[in-house]
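Remarks on the overall topology
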Amino acid sequence: MKRDAQPDGRRYYRDQQTESLVEFKSGQLGHIGNECYSGRVKAQLQTREHDDTGSRTAASGPFIKQFSYSDGLSLNLAPVSFSQDTFEAGRTPYEDDAQYRGLREKHQATHAFRYDVRDRAIYDIAMVIDAAPLGAPISLRTQEHLALLGKAVNHALLEWLTPRRTILRRARPLQALGSRKAALLSAAIRDQGLEAKSGLDVLVRHSFDLRVLGAPHHASEPYLALVLDVSTSNELDISLDELLKEQFDPRGCYICTRADSGEANVLARLETLGRILGLKNGKLQLNDFTGEEFVNPSAVILEPRQENLEALIRHFYPRNAPKILQGLRKRRAPYATANAKLAEIRKVHGGVAGYLETLRIAGMSVEIGALLQRSSTLFPPLVSTERPGFLFGPQGRETGAYPDHGIKQHGPYKYMQHERNEPIVAVICESRFRGRIDQLARTLRDGADENAWQEAMRGRSKVPDNPFRGGLIGKLRLSRVQFEFEEVTEPTPEAYRQAIQRLLARLPETPDLALVQVRADFKQLRNERNPYFAAKAAFMTVGVPVQSVQAETADMQLANLAYMTNNLALAAYAKLGGSPFVISTRMPATHELVVGLGYTEVSEGRFGPKSRFVGITTVFQGDGRYLVWGQTREVEFENYADALLASLKTTIDSVRKDNNWQPRDRVRLVFHVYKPLKHIEIHAIKRLVAELLKGEHEVEFAFLDISRFHDFALFDPSQEGVTYYADRRQLLKGVGVPLRGICIQLDQRSALLQLTGSKEVKTAEQGLPRPLRLTLHPDSDFSDLTYLARQVYHFSYLSWRSYFPALEPVSITYSRLIANALGNLRSVPGWNSTSLTVGHLRSRMWFL
C-alpha cells in the first residue's frame with residue numbers, strides 16, 4: 001500500500017485495482033487486495049478460528065496478507081436457552097398430511113406442533129395453563145428436541161404480538177408490522193406541513209425466526225437461535241375505485257386483492273391479479289392476468305411496489321413530492337444501512353428478551369442471550385480466506401494479485417498460443433449511429449487516447465492511470481483487428497437479419513466476433529421483436545459469438561468510456577477464445593471437477609406461459625489451475641437432471657483423457673447449485689459416475705447449495721466506510737458493512753460468505769448486503785466446508801466479464817448467463833441451439 005501526502009494534509013492510499021487514490025481514514029490498519037480494512041481489529045486470529053497456515057501463499061502466486069477480524073463483528077441472532085434438561089410433551093404416531101394439518105388447525109390456539117422425521121411422530125406442547133398434551137405423554141430431552149421448542153417459542157411470540165401488531169406471516173419467519181405511530185411516510189408528509197393520506201404509508205416490518213444451529217465448535221452442542229430482522233413495508237391500501245375518482249391514471253400498473261384471513265390483526269397474503277390495460281364499462285380491463293380479464297375497481301388495490309408508491313406520492317402531493325421522497329429515504333435508512341439496522345434489531349431484541357423472561361414453556365423458563373458478537377463463546381468459527389493469485393504472460397508463468405494490472409504488465413495468459421490473433425470483427429449498427437460506433441470501435445482496438453485521458457483528468461489532484469491504454473492490440477496483445485461494418489436503416493429484427501446476410505455474403509471468411517449496436521429501449525421489446533436477439537441468433541447459428549454495444553454508451557465522457565471499454569475488451573477477448581487470466585492454486589493430489597448449475601425463468605409478462613431453463617457450467621482443475629472448460633446448451637427445468645448426467649458423461653470422458661488420469665487416482669466432483677438437489681438426483685449422479693469410471697478411481701462428492709435468499713445478516717460496526725463522489729458531493733458508503741471475504745461457519749454443513757464488502761457497495765443508500773449462504777447436502781461424502789468455502793471465494797475472482805470481483809462464484813454466474821441467453825433465444829424464429837453443442841461455439845465464452 002502506497003500512501004501519498006496531499007496539499008490538503010490528508011493521506012491517501014493507491015487502490016491497485018483502479019489505480020485511483022482513496023482517502024486513508026483514521027483507524028485503518030491494513031490493506032489486502034482492493035479492499036480497505038479499518039476500525040478496531042485484533043492482530044492475531046483466535047485459536048478457534050479455522051486457519052490452515054500452509055495456505056497463506058499460493059503455490060505459484062504472490063504472497064497476499066490475510067486481514068484480521070474486528071471484535072465488533074456481529075450476527076442478527078441470539079441464543080435461546082431453557083431452564084431444564086427435560087420437559088413434558090405429547091406424542092402421536094404420524095399417519096398422513098391431512099391428520100397433521102387437522103391437528104394444527106383444530107388446536108393451533110392452545111398447542112404447538114412439530115413432525116419429527118426421525119421417528120415419524122407428531123409431537124405437541126401445551127401452550128396454555130389448563131391444557132394437557134394431546135398425544136401420549138412423554139418426557140423429552142431438551143437438547144434433542146430444540147426444533148420442537150422453537151415451534152413453541154414461535155407460538156408464544158405470535159400470541160404476544162397478535163393483539164399489539166398486524167401479523168403479516170405466522171411462521172418461518174413470523175412477520176409483523178410495527179406501530180402506526182412510527183409510520184415513516186406519514187411523518188415525511190407531516191414534515192412538509194401536509195395531511196397524510198389514509199391507506200398510503202410505509203411501515204416498519206419486524207421478522208422473527210427460530211433456527212436450530214449445529215455445534216459451532218468441537219466441544220459444544222447445537223443450540224436454538226432467534227434470528228431477528230427489521231425492514232420496511234409499503235402500504236397502498238386505497239381501492240382503485242377511489243384512485244379513479246381522484247383522477248389517478250393506473251394504466252400499466254399491476255393490481256392485487258387480499259382475502260379475509262378470518263383472524264383479527266392477521267393479514268392474508270396479497271394475490272396479484274394482472275396489469276391494467278384500461279377501463280371498460282365501469283370495470284378494469286387487464287392484459288397480463290390470471291383469472292378474470294375484467295375486475296371491479298372497488299375490490300382491488302395497487303400492488304405495493306416502490307414505483308407505485310412514488311407514483312401515488314407524486315399524484316397526491318405534486319408540488320412537495322421531491323421533498324417528501326427525500327424525507328422518506330432518510331427515515332428508511334435506519335432499517336436498511338448496516339449500523340442503524342443493527343441498532344434497530346437490538347431494540348427489538350430488548351423487547352423480545354423482556355417478554356420471554358416472563359414466559360414458561362412446558363414448565364421451563366426461557367432466556368434469550370445477547371446478539372452474537374465475535375467475543376461471544378457461541379459465535380461461529382471464522383474461516384480465513386485469501387485473495388487468490390493469478391497467472392499471466394506468454395508462457396502462463398507470470399504471477400500477480402490483480403487481473404487488470406497483471407494483463408497490463410505481462411499480457412493475457414498464454415497469449416502467444418491464442419489462435420485468433422488477427423480477428424475479423426463484424427459490426428452491425430444503425431446508419432444514424434455509424435460515426436459514433438466507428439469511434440467506439442477504434443477505442444476498443446487502440447485504447448483510450450492518452451492525451452485525451454490526461455485532458456479529461458485535468459483539475460484532479462492525482463490523475464489515475466489510463467485503464468485502457470493500448471486497447472485490444474496493445475493491452476491484450478492482439479496483432480491486428482479488422483472491422484467490417486454493415487449498416488441498418490431501421491431498428492427491426494428483419495433489418496438486422498438482412499444486414500448480417502449481406503455482410504456474411506461479401507466476406508471471404510466467417511468473422512471471429514460480432515459487435516451489434518443496440519439501444520436501451522430494446523429491453524422493453526418482446527424477444528421475437530428485439531433486433532438484438534435476432535442478430536444474436538443469426539450470428540451464433542454460423543458460429544460467431546456476439547457482443548452488444550449500447551448506442552447510448554458511445555456518447556459517454558472519456559473517463560467513463562475508458563472503464564467501460566476496458567471491461568468490454570476483456571469479454572471480447574474471452575469470446576475470441578482467449579484466456580485473459582487464470583487462478584493459481586496449490587495443486588491437490590485429487591483430480592477435481594466443479595459443476596455449476598444456474599437457472600432463469602422466461603415468460604411473456606408475469607402470467608404468460610413460463611419456462612424455467614437450467615444452464616450447466618463445468619470448471620476443472622488441471623496442474624493446479626482453475627479454468628472454465630465447457631458449457632452445455634440450455635435445458636428446460638423438467639429435463640435438467642438428464643442433461644446434467646449427459647454433460648457429466650461428456651466432461652468426465654474428455655477431462656480424464658486430456659489430463660491422463662491413471663487407475664486408482666482420486667477424483668472429486670463438486671456441485672455448485674442454485675437449489676438443494678433431491679436425493680434421487682444425487683443417487684442418479686453417483687450411479688452414472690460409478691458406471692463411467694468402472695471402479696478405476698476413488699470418487700468423492702460434494703453438493704453445495706449457494707443462496708443469497710436467507711434470514712442471516714453480518715454486521716461490523718467498526719468499518720468506517722469508503723469515500724465516494726456523487727453529484728459533486730463527497731459521501732461515505734459501506735459504513736458497518738463487513739469486509740469482502742469474511743466467512744463464518746454456522747455449523748458443520750453451512751457457512752456464510754460475505755462477497756459484497758464496504759468497497760463493493762454501490763452507494764450510501766444501498767443498504768446492508770446479505771452474505772451468501774453455503775449449505776452442504778448431507779449426502780456429500782466430501783465434507784471439508786472450509787475448503788469448499790475458500791473455493792467459492794476464489795471462484796468469485798474468476799469471471800471474465802469484468803476485472804472487478806464478482807458477487808457470486810463464476811460457476812453459478814456463467815450457468816445462469818447460459819440459461820438466460822438461450823432461454824430468451826428460444827422464441828426467436830429459426831433459432832436452433834444445436835450450433836452450440838456441435839459447432840465452433842462449443843468451447844467459446846459466447847454468453848459473457
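Residues numbered from 1 in each chain as written. Predicted model: local features only at pLDDT ≥ 70, side-chain atom pairs only at ≥ 80, totals over all residues. Heavy atoms only, no water.

So, on to the overall build of the chain. Scanning the chain from N- to C-terminus turns up 19 helices and 41 strands. The burial tally for the chain puts 54% of its 848 residues in the buried class. The long-range share in the chain, meaning contacts at least 24 apart out of those at least 6 apart in sequence, stands at 69%. (Helix = DSSP H or I, 4+ residues; strand = E, 2+ residues; numbered from the N terminus. Buried < 20%, exposed > 50% of the residue type's maximum accessible area, 1.4 Å probe, protein only. Contact = heavy atoms within 4.5 Å.)

Scanning the entire structure with this criterion turns up 5 cavities of 30 Å³ or more. Along its surface, the second largest cavity is lined by V427, I428, I437, L440, A441, L444, L515, V516, Q517 and V549. Of all the secondary structure elements, the ones that give two or more residues to the lining of the second largest cavity are β25 (424–430), α9 (434–446) and β27 (513–518). The element that contributes the greatest number of residues to the lining of the second largest cavity is α9, accounting for 4 residues. Its residues assigned to classes, the lining of the second largest cavity comprises 9 nonpolar, 1 polar and no charged. (1 Å grid on protein atoms, 1.4 Å probe; cavity = no way out; pocket = protein on both sides within 12 Å on 5 of 7 lines; lining within 4 Å. Points joined across faces, edges and corners; volume = space filled by probe spheres on them. Nonpolar A, V, L, I, M, F, W, Y, C, P; charged D, E, K, R; others polar.)

Let us look at the nonpolar core. Among the nonpolar cores identified, the biggest contains 96 residues, and F539 and W846 are the most heavily contacted of them. Core analysis: the second largest hydrophobic core is formed by 81 residues, L146, A176, Y317 and V737 among them. (Core = buried A, V, L, I, M, F, W, Y, C linked by side-chain atoms within 4.5 Å.)

Let's shift gears to the pairing of strand β9 (residues 111–116). By the bridge criterion, 6 bridges tie β9 to strand β10 (residues 121–126) in an arrangement that is antiparallel. Considered in β10, the bridge of H111 is made with A126. In sequence, β9 turns back onto β10 through a hairpin of 4 residues, with R120 there showing a positive phi of about 50°. (Pairing = 2+ DSSP bridges.)

To continue, consider the sheet that holds β27. One open sheet holds the 4 strands; their spatial order is β26-β25-β27-β28, and the pairing between them is parallel. Pairing within the sheet leaves two strands with one partner each, and these edge strands are β26 (482–488) and β28 (546–550). The mean inter-strand angle of the sheet, taken between neighbouring strand axes irrespective of direction, is 20°. Looking at chain direction, β27 and β28 are connected through 5 bridges and run parallel. Directly across from Q517, in β28, lies its bridge partner V549. On top of the sheet, helix α12 (residues 493–506) reaches β25, β26 and β27; it is set at about 140° to β26, its chief contact. (Axes fitted to C-alpha atoms, helices over the stretch in contact; angles between N-to-C directions.)

A complete count under the given rule lists 44 salt bridges for this structure. Across the pair R770 and D229 runs a salt bridge whose closest N-O atoms are separated by 2.4 Å. Taken together, the residues R770 in the loop between β40 (750–753) and β41 (772–776) and D229 in strand β15 (residues 223–236) connect sequence positions 541 residues apart. Look at R770 and you get partly exposed, because its relative accessible area is 24%. Taking relative accessible area as the criterion, D229 reaches 12% and is therefore assigned buried. The shortest N-O distance in the salt bridge between E486 and R506 comes to 3.1 Å. You can see E486 sitting in strand β26 and its partner R506 sitting in helix α12, a full 20 residues away along the chain. Here E486 falls in the buried class, since its relative accessible area comes to 13%. Look at R506 and you get partly exposed, because its relative accessible area is 41%. Linked through salt bridges whose partners overlap, the residues forming this network are E592, R666, R668, E698 and E700. (Salt bridge = Lys/Arg side-chain N within 4 Å of Asp/Glu carboxyl O.)

Let's shift gears to the side chain of K733. The topology assignment puts K733 in strand β38 (residues 729–733). This buried residue, K733, is left without a salt bridge; E760 holds the nearest opposite charge, at 8.0 Å. Polar contacts involving the side chain of K733 include one to the main-chain carbonyl oxygen of V761, which spans 2.8 Å. Excluding residues within four positions of it along the chain, K733 makes contact with G721, V722, Y724, S758, K759, V761, K762, T763 and A764. (Lys, Arg positive; Asp, Glu negative; His and termini not counted. Polar contact = N/O pair within 3.5 Å; in protein donor to acceptor, adjacent residues only side chain to side chain.)

The next subject is the layout of surface pockets. In this model, the second largest pocket occupies a volume close to 1,600 Å³. Lining the second largest pocket are 47 residues, with R114, A147, K151, R172 and L210 sitting closest to its centre. At the level of elements, α1 (97–107), β9, α2 (146–161), β14 (200–213), β35 (698–707) and β41 are the ones that each hand at least two residues to the lining of the second largest pocket. Per element, the largest residue contribution to the lining of the second largest pocket is 8 residues, and it comes from α2. Each residue belonging to the lining of the second largest pocket can be placed in one class, and the counts come to 19 nonpolar, 11 polar and 17 charged.

As a further point, take the packing of helix α13 (residues 531–541) against helix α18 (residues 810–825). Two elements in contact, α13 and α18, have axes separated by 10 Å at closest approach and are oriented at 100°. Regarding the angle of α13 to α18, the classification is roughly perpendicular. Side by side, α13 and α18 meet where F533, K536, A537 and M540 of the first sit next to A821, N824 and L825 of the second. (Parallel < 35°, antiparallel > 145°, perpendicular 65-115°, else oblique.)

Once that is clear, we can look at the packing of α2 against helix α7 (residues 338–356). Contact geometry for α2 and α7: axes closest at 11 Å, N-to-C directions at 105°. Classified by the angle their axes make, α2 and α7 are roughly perpendicular. Within the contact between the two elements, α2 uses V153, A156, L157 and W160 and α7 uses G351, V352, Y355 and L356. Its residues placed into classes, the contact of α2 with α7 shows 7 nonpolar, 1 polar and no charged.

Time to look at helix α6 (residues 321–332). Compared with an ideal rise of 1.5 Å per residue, which puts 12 residues at 16 Å, α6 spans 16 Å between its outermost C-alpha atoms and is within 8% of the ideal. Among the structural elements, α3 (184–190), β14, β15 and α5 (306–316) are those in contact with the buried residues of α6. (Expected span 1.5 Å × (residues − 1).)

On to the environment of L731, then. Relative to the helices and strands, L731 is located in strand β38. You can call L731 partly exposed: its relative accessible area is 24%. The spatial distance from the C-alpha of L731 to the C-alpha of A764 is 7.3 Å, given a sequence separation of 33 residues. Sequence-distant contacts of L731, defined by excluding residues within four places in its chain, comprise V722, T723, Y724 and A726.

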